[in-house]
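Residue-level structure breakdown
This is what each chain is made of:
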Amino acid sequence: MTKLPGKAAVPFTPTVDAIGDPTTCFCCGMRAVAIGANHKPGDPQYLCKRCIVAIDDYKKIRRLDDYELAALDAGVDAVGEFIESKGNLTDLAHYDELDQRLLVKAAWEGCARGLREALKSAPF
């Protein structure tokens, strides 16, 4: 897996902005509302409306499954390759709107490619 410069890639955290308002769903990454799932101090792990409906099932699943982790790794690799192709510029302010979208496209397609590859060996 290609390491990205800077902080480690942790999906969907933090779920709160600087003033405490919900931002991103801890579970799926969509827009969160003010219901959190964390019983410990720190990040409230806010959830979106869809994930709130499924909270009982969500409490049982605390991490990505093997297929989702493979997709995430492939997405990180794709983004790392894109950043290398742009001269290792990691600050989005240096990218124009097209390059910003191409970066996200690289992540999206990398995740999809990684998921398809991981599912080739699935037992179902």
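Quick look at the structure, then.

So, on to helix H4 (residues 97–119). Helical periodicity: at 3.6 residues per turn, an α-helix aligns residues three or four positions apart in one direction. The terminal C-alpha atoms of H4 lie 33 Å apart, and with 23 residues this matches the ideal 33 Å at 1.5 Å per residue to within 8%. What H4 keeps buried is the set Asp 99, Leu 103, Ala 106, Gly 110, Gly 114 and Ala 118. For H4, the elements touching its buried residues are helix H3 (66–85).

The subject of this paragraph is the environment of Thr 13. Among the secondary structure elements, Thr 13 is positioned in the segment before strand E1 (33–36). Overall, Thr 13 belongs to the partly exposed group, its relative accessible area being 34%. Linking Thr 13 and Phe 26, residues 13 residues apart in sequence, is a C-alpha distance of 6.5 Å. Apart from the residues lying within four places of it in its own chain, the contact partners of Thr 13 are Phe 26 and Asp 43.

It is worth spelling out the pattern of salt bridges at this point. With the rule as written, the count across this model stands at 4 salt bridges. For the salt bridge of Lys 105 with Glu 109, the shortest nitrogen-to-oxygen distance reads 4.0 Å. Here the residue Lys 105 and the residue Glu 109 both occupy positions in helix H4, the gap between them amounting to 4 residues, near one helical turn. When its relative accessible area of 43% is taken as the criterion, Lys 105 is described as partly exposed. For Glu 109, a relative accessible area of 39% translates into the label partly exposed.

Turning our eyes to something else, we now look at the side chain of Thr 15. Tracing the sequence through the fold places Thr 15 in the segment before E1. With relative accessibility at 0%, the residue Thr 15 sits in the buried group. Of the polar contacts made by the side chain of Thr 15, one reaches the backbone nitrogen of Gln 45; its length is 3.2 Å. A polar contact of 3.0 Å, which involves the side chain of Thr 15, links it to the backbone nitrogen of Tyr 46. Once residues lying within four places of it in the same chain are set aside, the contact partners of Thr 15 are Asp 21, Pro 22, Thr 23, Thr 24, Cys 25, Phe 26, Asp 43, Pro 44, Gln 45 and Tyr 46.

Put simply, H3 and H4 touch, their axes get as near as 7 Å, and they point 145 degrees apart. With respect to the hand of their crossing, H3 and H4 are arranged in right-handed fashion. Where H3 approaches H4, its residues Tyr 67, Ala 70, Ala 71, Leu 72, Ala 74, Gly 75, Ala 78, Val 79, Phe 82 and Ile 83 are matched on the opposing element by Asp 99, Leu 102, Leu 103, Ala 106, Ala 107, Gly 110, Cys 111, Arg 113, Gly 114, Leu 115, Ala 118 and Leu 119. Of the residues belonging to the contact of H3 with H4, the class tally is 17 nonpolar, 3 polar and 2 charged.

Moving on, we come to the nonpolar core. Counting residues in hydrophobic clusters, the biggest one holds 7 residues: Ala 78, Val 79, Phe 82, Ile 83, Tyr 95, Leu 103 and Ala 106. Listed by contribution, the elements that provide at least two residues to this core are H3 and H4. Setting aside residues up to four positions removed in sequence, Ala 78 forms contacts with Ala 106, Gly 110 and Arg 113. With 5 residues, the next largest nonpolar core counts Cys 25, Phe 26, Leu 47 and Cys 51 among its residues.

With that out of the way, let us pick up the packing of aromatic side chains. Under the counting rule described, the total for this entry stands at 1 aromatic pair. Measuring from ring centre to ring centre gives 6.1 Å for Phe 82 and Tyr 95, while their planes differ by 80 degrees; the resulting arrangement is edge-to-face. One end of the pair, Phe 82, is in helix H3; the other, Tyr 95, is in the loop between H3 and H4, and 13 residues separate them in sequence. Note on Phe 82: relative accessible area 12%, which makes it buried.

Reading the values: the criteria
- Residues numbered from 1 in each chain as written.
- Predicted model: local features only at pLDDT ≥ 70, side-chain atom pairs only at ≥ 80, totals over all residues.
- Heavy atoms only, no water.
- Helix = DSSP H or I, 4+ residues; strand = E, 2+ residues; numbered from the N terminus.
- Expected span 1.5 Å × (residues − 1).
- Buried < 20%, exposed > 50% of the residue type's maximum accessible area, 1.4 Å probe, protein only.
- Contact = heavy atoms within 4.5 Å.
- Salt bridge = Lys/Arg side-chain N within 4 Å of Asp/Glu carboxyl O.
- Polar contact = N/O pair within 3.5 Å; in protein donor to acceptor, adjacent residues only side chain to side chain.
- Axes fitted to C-alpha atoms, helices over the stretch in contact; angles between N-to-C directions.
- Left-handed = near helix turned anticlockwise from the far one by under 90°.
- Nonpolar A, V, L, I, M, F, W, Y, C, P; charged D, E, K, R; others polar.
- Core = buried A, V, L, I, M, F, W, Y, C linked by side-chain atoms within 4.5 Å.
- Phe/Tyr/Trp six-rings, centres within 6.5 Å; stacked < 30°, edge-to-face > 60°.

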